[in-house]
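Working through the structure, step by step
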Amino acid sequence: MTDLSGIHPLSVADTVSAGQLNHRLALGVQFIDALSQLPASPPLVCDLEAIGTHPCPLRFAAHGQARQALRHAGRIARLLEHAAGHGGSTVFRLRAYGQRKPGPSGYVGDNDPRLYVPRRLALTPVLGALGVPPATRDNIRDAWLWPGAAYPLPANATALRGQIRRGPSLALAREVPWARLVVTRPRPVIPPAPPPPPDFDLEARLAWGHGDDRGEFLVLLGGAVAPGGAAMPAALTLRLWVFLPPAGTTLDAADPLASLPLEEGGGDALNDVLRGRAIPPGYVRQTAIDLSVRPGGILSIPETALLYG
């Protein structure tokens, strides 16, 4: 009979490491369709521009549900460690956009399916000692993407379309890239007093939109634009506010997204900047445009109404 007295059960002490796999998240972003509140439709690309003042051109790894992620490894780990040791900035600067045909190159306007307007964000990660992120969900962010010119409209959608230009006349005007738009409801008229003047700060905000590189925008109006009651009115009285980037903002053909406003999202998981509802610093509010909008229809705003000097 075999003597088994010297045999003991295997334990961790009897194992030999064959390798180690660490996938610590440096930064993860889930892109959300601002209207449906579902994961944004593919194909989406997210490119890292820099960490602090150090260029770091890397592409985020795409995952399901419109998630994009960067591992804490390689150049990213070295830059974060260096910044932590020398008091440098650890802010991640990134750009997100659509890409009709996947490829390694950056943004190309003709390759953009124009489902969503691109965004450029600055996000601050949570870091521990030596610039190492925690093994938690602290560095996962949500960012909303707003409809582009080719966004699929649902049946009977109520929406606004237009193209924003600057110049002395339509013939001499140029498109204004990356505008922001807000739709409000004018304050009610209380007879016999005259209608109150437009006041962006006092009016209820109903819808938001982002202009693209061509100055085109699409703003979808949800159920909040219709007043309560059993009958839908034949027309809705609304007001459109246009916010333009600083004069002189132009597109660089070699890098069209460089002129996108860099929006400081900070370290929050979600805030109004990440939602795309905060007006970027330096943008200038224009004179309000009063509109009469038919429910269930798409209103194309006249070119002359969207021409700015």
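The coordinates are above.
Figured I'd write up the structure that's included with this text. Just so you know, these numbers come straight off a predicted model, no measurement behind them.

Reading the values: rules and limits
- Residues numbered from 1 in each chain as written.
- Predicted model: local features only at pLDDT ≥ 70, side-chain atom pairs only at ≥ 80, totals over all residues.
- Heavy atoms only, no water.
- Pairing = 2+ DSSP bridges.
- Helix = DSSP H or I, 4+ residues; strand = E, 2+ residues; numbered from the N terminus.
- Axes fitted to C-alpha atoms, helices over the stretch in contact; angles between N-to-C directions.
- Contact = heavy atoms within 4.5 Å.
- Expected span 1.5 Å × (residues − 1).
- Buried < 20%, exposed > 50% of the residue type's maximum accessible area, 1.4 Å probe, protein only.
- Arc of directions from axis to C-beta.

**Re the sheet that holds strand S6 (residues 92-98)**
Spatial ordering of the open sheet is given by S3-S2-S6-S7-S16, a layout of five strands whose pairing is mixed. Each of the sheet's edge strands pairs with one partner strand only, and the pair in question is strand S3 (54-59) and strand S16 (262-266). Within this sheet the neighbouring strands show an average axis-to-axis angle of 25°, counted without direction. Bridge analysis of S6 against strand S7 (residues 119-123) gives five bridges, and the strand direction is antiparallel. Bridge assignment links arginine 93 to a residue of S7, and that residue is alanine 122. Taken strand by strand, helix H1 (residues 74-86) contacts strand S2 (44-51), S3 and S6, and its axis lies near 150° from that of S3.

**Looking at H1**
Side chains of residues three or four places apart in an α-helix project in the same direction, reflecting 3.6 residues per turn. With 13 residues, H1 extends 19 Å from end C-alpha to end C-alpha; this agrees with the ideal 18 Å at 1.5 Å per step. When H1 is considered as a whole, its buried residues turn out to be Ile76, Ala77, Leu79, Leu80 and Ala83. Viewed along the axis of H1, the buried residues span an arc of 165°, placing them on a single side of the element. With respect to the buried face of H1, the exposed residues turned more than 90 degrees away are Arg78, Gly85 and His86. Against the buried residues of H1 lie strand S1 (25-33), S2, S3, strand S5 (67-71) and S6.

**Side note on the sheet that holds strand S19 (residues 298-300)**
Within the open sheet, the three strands sit side by side as S14-S9-S19. Their pairing is mixed. In this open sheet, the two strands that pair with only one neighbour each are strand S14 (216-221) and S19. Across the sheet, the mean angle separating the axes of adjacent strands is 15° when strand polarity is ignored. Where strand S9 (residues 158-163) lies against S19, three bridges are found, and the strand directions are parallel. The residue bridging alanine 159 from the neighbouring strand is isoleucine 298, located in S19.

Remember, this is a structural readout, not a statement about activity or role.
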